Amino acid sequence: MASNNIKVICRFRPTNSIEQREGSEIVVAFEDSLQTVQLRSAQISSGPEKDGFTFDRVFPMGTKQQEVFDYGVKDIVKDVLDGYNGTVFAYGQTGSGKTFTMMGADIDSDDLKGIIPRITEQIFQSIVESDAHLEYFVKVSYMEIYLERIRDLLQPQNDNLQVHEEKNKGVYVKNLSDYYVSSAREVYEIMRQGGAARVVTSTNMNAESSRSHSIFLITISQRNTETGAQKTGNLYLVDLAGSEKVGKTGASGQTLEEAKKINKSLSALGMVINALTDNKAKHIPYRDSKLTRILQESLGGNSRTTLIINCSPASYNESETLSTLRFGIRAKSIKNAARVNAELSPLELKKLLQKAQVANASYQKTIAALEAELAVWRAGGSVDPSEFAQTSGDKAGVTPPPKKTPTSPTPSSVRSMTPVNPAIEGLKDLDSRPQTPTVVGLDKDEREEFLKRENELSDQLAERESALIAAEKLVKELKEELAFLKEQEASSSQENKAMSAQLNELRLQVEKLDYDNKESVITVDILKEQNVDAKAELEELRKTIAELKSSQKDASTEDKEKRKQEKMALMMAQFDTQGTFSEKDEQLRQILAKLDSVDSDAHVSTLTAEDITQVRRQLAEGQALIRDTVDRLRQKQEENELTVRRKEELESRLAALEAEYEELLEKTIHEEETSNVDLAESMTALKNKLEAQYAAKRDAHLGEVADLKQQLELKSNELRNMNASIDSLKGINEELKRAFAVTSAGIEGGKNLAESAQDLERTRKAINVQLAEFDGVKKSLMRDLQNRCEKVVELEIQLDEIKEQYNNVIRNSNSKAQQKKMAFLERNLEQLTLVQKQLVDQNSALKKEAGIAERKLLARNERIQNLEALLQDADRRLSLQNQKFEAQLQAVKDRLDQARAQKSSTTSTLSFAGRIAKPLRGGGGAASASVAGPGPVAASANPLNRLQNEEG
Ligand SMILES: Nc1ncnc2c1ncn2[C@@H]1O[C@H](COP(=O)(O)OP(=O)(O)OP(=O)(O)O)[C@@H](O)[C@H]1O
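Bear in mind that the values here come from a model prediction, so they are computed numbers and not experimental data.

A.B. asks: Tell me about the environment of Gly228, and please be specific about residues and values.
C.D. replies: Mapping Gly228 onto the fold places it in the loop between β15 (213-224) and β16 (230-239). Along the chain, Gly228 and Glu348 lie 120 residues apart, while their C-alpha atoms are 9.1 Å from each other.

Right, here's the structure in full:
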């Protein structure tokens, strides 16, 4: 094992668009040797940096990928194939070209593909070109360290893997998946798969900035089929995260946290490098970060390591470039001690065994000789110095076993092969590598114990971390759920608010309705009360009217009587003053008396001319009187007719008033009827009462009218009688005229007095009869007249009363109080109508809202049902998947058991962690695979298919 320095190469990328936009200058200069680069930086004032930074190689801008590979990596691949460990690091600020260098811009492009594809190709090429008796197994793993957690990029769900170290296995990542590959394409596919799971983000410096340290591990196991000797080489291909300053990348928030942790990891790397290059340092802080722990063997351990530092040539990134160059310079002086991770073949082991057996026999011989010599000495004898017993080494030339030195086994020895025996290693001079600084001062047992304990703690830590992660995840989920619930709660509370607002509104409306109902009930009650009051008032009014009437009646009876007497007196006085009958009657009486005296004297001859003249005059006066009386009677008749007309007028007026009253009443009743039921009822009652009153009054009036008509009829009859009397009076008058003429002729012609007396007698008798008749007629006329006058007066009084009553009724109905009440009732009616309308509106609105709410409820129920159905479906699927998974797991277990059984039966076949090994044989020959499968390099099965197959 030879000590070798880490190879550090420095690569500059061309300036990028940001730098060009910033007008950056190129601040680097390259020497022809291509080993030194000079940086024009204000930060370099003096010292060796002024003369430039010297590396194993400096690649200026524009260097091809192939050149970098050829110089920096090609040899490492050879070494790994020979059983060495190898590491290629890419270090540099973000956007400096680490990924470009490691992976390349395009895997399929010969120019642009990076180191890893080239390595892969070379591996398989080398295998093909190797000896036919060499059999290879190539497997790959891919992981990233992100925020100090190791994540398996090929099984991303395993995101908290632990670094373990064991005496026989060395440092390794526990539970990291690995996949056998048989071609470069398979490797690319796996790289692509893993790359997709990487954490990248966009920074100011790089649109796709790697935020994690990625480690691609290729493990190549080689077996010599002739000797059975085995070697294993591990190649770590590390693309570090950007070593930039936080501010420049524009990292913030989560990215800022990332940057801090990334820088912590990188600073741990720096510290390890510092410690490794500091002779005084007693402790190398590998355990300070996952990165340095995994790369423990690569830095100062069993590995051939190349560090590629990537830099920008632009002044814009001058300070980052300076720190990168300084990092590279420090790392340059790290010394590694690479050795082949070999396992002896059975033949070699046999030889060693034979050697050991010979040595053992020699030792036993020596012991026996020494014991014999000792017995001589104890017996008090002496032994000649020439016969001293010789040590076995002296005799057999076998060197004593070497001192055991604690070793740090390599990851490869570990994972793939039977552990290397330190005793045997000692024989092969494999233990001379420097002791791992971390375990300085510990003896072997203590170290073993320490590692065991460390692993246990690490596992516990991992478990706790996993539990913590699970708890955090749970907390996060719960938080999310909580947030969701809060959101839902907020939305539902909003909905609730809206609904409660609606509810409140509805309640208010209901309350309002209740209130309105109550109010309307109160209003109705008030109306009823008012109605009752009105009724009471009406009753009082009626009473008052009745009282008034009765008082009027009393007064009016007296008045009437008085007026009647007055009128009668007036009428009679008129008759008297006119002397209609009494005076003329007297005159007639005088005439009759004179006639009687003429008759009683029986001496017609004594009747003088003077007497005759007087008789004539008296007759003439009687005639005038009769004419006058007739005129007066005619006048009276006219007056009567006038009275009848006036009565008719009054009747028609009464009828009109009645009609008007009826109309008003009907109108009022109609209005009242439309108000409300109670009001209508009260109004109907009122109406009925009014109607009853009216009917009663109308009946009374009609009765009165009928009476009047009857009286009129009687009056007409009386008039007719009077006319007949007048006619008879006229006849008397004619008789008187004739008697007078006869008397005059007798007197004048000297007729016989006896005849004349007889004629006079007849005349007188006729006159007496007529006078008696006239007297009777006159008396009956006077009676009739008196009766009529009385009737007319009564009629007039009745009419006045009716008028008064009607006016009272009208007045009462139109009284202010009544009007007020009517107005109040109307107002109430209006309000009630309004309230009713509002109620109807609110009712329809409520119905509408209820409909909407019902629809919403239905929709919600439907959604809940859908969700429940989905949930059930998901449950069903989950249980199906679980069953499937269990079946797959069982199948994998079965295969694992099978593989184990095969392993135990076939010692020449390797298998890792239950995965199917696929031997690749050099020289193009097919190897006997441990399991049936495609041939070596040429036959390539898709690893992902296999992965899928393996996983079920
Ligand atoms: N030598 C080069 N020649 C041409 N282009 C390059 C070179 N190096 C890097 N680039 C380009 O610069 C950009 C950034 O490169 P890259 O992604 O490799 O940076 P990085 O160091 O990996 O960044 P990060 O640390 O952020 O992941 C890419 O577009 C890449 O193609």
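From this point, things continue past the structure.
A.B. asks: Describe the side chain of Gln162, with residues and values.
C.D. replies: Inspection of the secondary structure assignment puts Gln162 in the loop between β9 (149-152) and β10 (163-166). One polar contact links the side chain of Gln162 to the main-chain carbonyl oxygen of Asn160, over a distance of 3.4 Å. For Gln162, the contacting residues outside a window of four places in its chain are Tyr172, Val173, Lys174, Ser458, Ala462 and Glu465.

A.B. asks: How would you explain the nonpolar core if you had to name every residue and give the values?
C.D. replies: Among the nonpolar cores identified, the biggest contains 47 residues, and Phe55, Leu269, Ile294, Leu299, Leu307, Ile309 and Leu325 are the most heavily contacted of them. Per-element tally for this core: the top contributor is helix α8 (residues 254-277), with six residues. Each residue touching Leu325, except ones within four places of it in the same chain, is listed here: Cys10, Phe12, Val37, Leu39, Phe53, Phe55, Ile309 and Cys311. Formed by 42 residues, the second largest nonpolar core is a distinct cluster that contains Phe69, Tyr136, Leu153 and Met191.

A.B. asks: For the sheet that holds strand β3 (residues 28-30), give the residues involved together with the corresponding values.
C.D. replies: Strand order in the open sheet formed by three strands is β3-β4-β5, with antiparallel pairing between adjacent strands. Only two strands of the sheet have a single partner each, and these edge strands are β3 and β5 (53-54).

A.B. asks: So, the packing of aromatic side chains: which residues are in play, and what are the values?
C.D. replies: On inspection of all chains with the given rule, the structure shows five aromatic pairs. Where Phe59 meets Tyr71, the ring centres are 6.3 Å apart and the plane angle is 75 degrees; that geometry is what we call edge-to-face. On the criterion of sequence distance, the pair formed by Phe59 in strand β6 (residues 57-59) and Tyr71 in helix α2 (residues 65-72) is long-range, its members being 12 residues apart. Of the residues examined, Tyr71 reaches a relative accessible area of 26% and is grouped as partly exposed. Residues Phe137 and Tyr180 carry aromatic rings whose centres are separated by 6.4 Å and whose planes lie at 70 degrees to one another, so their mutual orientation is edge-to-face. Separated by 43 residues along the polypeptide, Phe137 in strand β8 (residues 134-146) and Tyr180 in strand β12 (residues 179-180) bring together distant segments of the chain. Sitting over the ring of Tyr71, Lys7 keeps its end group 4.7 Å from the ring centre. The ring of Tyr84 has Arg304 lying over it, and the distance from NZ or CZ to the ring centre is 4.2 Å.

A.B. asks: Summarise the pairing of strand β11 (residues 170-173); cite the residues concerned and give the values.
C.D. replies: With four bridges connecting them, β10 and β11 associate as antiparallel partners. Bridge pairing links Glu166 to Gly170 in β11. Taking the residues that link successive antiparallel strands as the turn, the β10-β11 hairpin has three residues.

A.B. asks: I'd like to hear about the pattern of salt bridges, residue by residue, with values.
C.D. replies: On inspection of all chains with the given rule, the structure shows 14 salt bridges. One salt bridge connects Arg326 with Glu49, and the closest N-O pair in it is separated by 2.6 Å. Of the two residues, Arg326 is situated in helix α10 (residues 318-332) and Glu49 in the loop between β4 (36-39) and β5; the sequence distance between them amounts to 277 residues. Taking the shortest distance from any N to any O, the salt bridge between Glu165 and Arg293 comes out at 3.0 Å. Note that Glu165 is positioned in strand β10 and Arg293 in helix α9 (residues 290-294), a separation of 128 residues in sequence. An identical accessibility class is assigned to Glu165 and Arg293; each is buried. Salt bridges sharing common partners tie together Asp110, Lys113 and Glu121.

Cut-offs used in this document
- Residues numbered from 1 in each chain as written.
- Predicted model: local features only at pLDDT ≥ 70, side-chain atom pairs only at ≥ 80, totals over all residues.
- Heavy atoms only, no water.
- Helix = DSSP H or I, 4+ residues; strand = E, 2+ residues; numbered from the N terminus.
- Polar contact = N/O pair within 3.5 Å; in protein donor to acceptor, adjacent residues only side chain to side chain.
- Contact = heavy atoms within 4.5 Å.
- Core = buried A, V, L, I, M, F, W, Y, C linked by side-chain atoms within 4.5 Å.
- Buried < 20%, exposed > 50% of the residue type's maximum accessible area, 1.4 Å probe, protein only.
- Pairing = 2+ DSSP bridges.
- Phe/Tyr/Trp six-rings, centres within 6.5 Å; stacked < 30°, edge-to-face > 60°.
- Lys NZ or Arg CZ within 6 Å of the ring centre and 35° of its normal.
- Salt bridge = Lys/Arg side-chain N within 4 Å of Asp/Glu carboxyl O.

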